[in-house]
Amino acid sequence: MSFAGKKKERGTKLAGKTFVLTGTLAHMSRDEAKKLIEDAGGRVAGSVSKKTDYVVAGSDAGSKLDKAKELGVAVIDEDEMKKLAG
């Protein structure tokens, strides 16, 4: 009996992309956002660096948002993140 068709394949839309989450997201928890990104092939880091591709900023975003602006990292919102992840 084969279970090959049952296993959910990881997406590749965000392959090679690194995200940092900051602030409070309006429609999902941090864990849900992390799962969405990882399921689409991306990775979630805890801090912003030159290697960060996107910072997902919710309400009350703090020092991570400041660091992203300082480094010229793209800052997106929750809706943009969902669009990127497909």
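For the structure, see preceding data.
This text gives an overview of the structure that appears in the document.

Criteria and thresholds
Residues numbered from 1 in each chain as written. Predicted model: local features only at pLDDT ≥ 70, side-chain atom pairs only at ≥ 80, totals over all residues. Heavy atoms only, no water. Helix = DSSP H or I, 4+ residues; strand = E, 2+ residues; numbered from the N terminus. Buried < 20%, exposed > 50% of the residue type's maximum accessible area, 1.4 Å probe, protein only. Contact = heavy atoms within 4.5 Å. Areas by Shrake-Rupley, 256 points an atom, 1.4 Å probe, with all protein chains shown as cover. Pairing = 2+ DSSP bridges. Axes fitted to C-alpha atoms, helices over the stretch in contact; angles between N-to-C directions. Parallel < 35°, antiparallel > 145°, perpendicular 65-115°, else oblique. Left-handed = near helix turned anticlockwise from the far one by under 90°. Nonpolar A, V, L, I, M, F, W, Y, C, P; charged D, E, K, R; others polar.

## A look at the overall build of the chain
So, point 1. Broken down by element type, the chain carries three helices and four strands.
So, point 2. Of the regular secondary structure in the chain, the N- to C-terminal order runs β-α-β-β-α-β-α.
So, point 3. A burial count over the chain gives 33% of its 86 residues as buried.
So, point 4. Within the chain, contacts between residues at least 6 apart in sequence are counted, and of these 66% link residues at least 24 apart.
So, point 5. Counting every atom, the chain has about 5,700 Å² of accessible surface; 49% of that belongs to carbon and sulfur.

## As for the side chain of Thr-22
So, point 1. Here Thr-22 lies in strand β1 (residues 18-22).
So, point 2. Setting aside residues up to four positions removed in sequence, Thr-22 forms contacts with Arg-30, Val-55, Val-56, Ala-57, Gly-58, Ala-61, Gly-62, Lys-64 and Leu-65.

## Brief notes about the sheet that holds strand β2 (residues 43-45)
So, point 1. Taking strand neighbours across the sheet as the criterion, the four strands line up as β2-β1-β3-β4 in an open arrangement whose pairing is parallel. Edge positions in the open sheet fall to β2 and β4 (74-76), since each of these has one partner strand only. The average angle at which neighbouring strand axes cross in this sheet is 35 degrees, direction not considered.
So, point 2. In terms of strand pairing, strand β3 (residues 54-57) meets β4 through three bridges, oriented parallel. Residue pairing across strands places Val-56 opposite Ile-76, the latter belonging to β4.
So, point 3. This element, helix α1 (residues 30-39), spans β1 and β2 of the sheet and lies at about 170 degrees to β1.
So, point 4. Contacting β1, β3 and β4, helix α2 (residues 63-71) runs over the sheet at an angle of about 140 degrees to β1.

## Comments concerning unusual backbone geometry
Excluding glycine, residues mostly carry a negative phi; peptide bonds, for their part, are mostly trans.
So, point 1. One non-glycine residue, Asp-60, lies in the positive phi region at around 60 degrees.
So, point 2. With respect to the helices, strands and loops of the structure, Asp-60 is situated in the loop between β3 and α2.

## Quick look at the packing of α1 against helix α3 (residues 78-85)
So, point 1. Relative to each other, α1 and α3 sit at 30 degrees, their axes nearing to 9 Å. Considering their axes alone, α1 and α3 lie roughly parallel with respect to each other. By crossing handedness, the relation of α1 to α3 is classed as left-handed. Together, Ala-33, Leu-36 and Ile-37 of α1 and Met-81, Lys-82 and Ala-85 of α3 make up the contact between the two elements.
So, point 2. A breakdown of the residues in the contact of α1 with α3 according to their chemical character gives five nonpolar, no polar and one charged.

Everything listed here is a matter of coordinates, which is why it stays silent on function.
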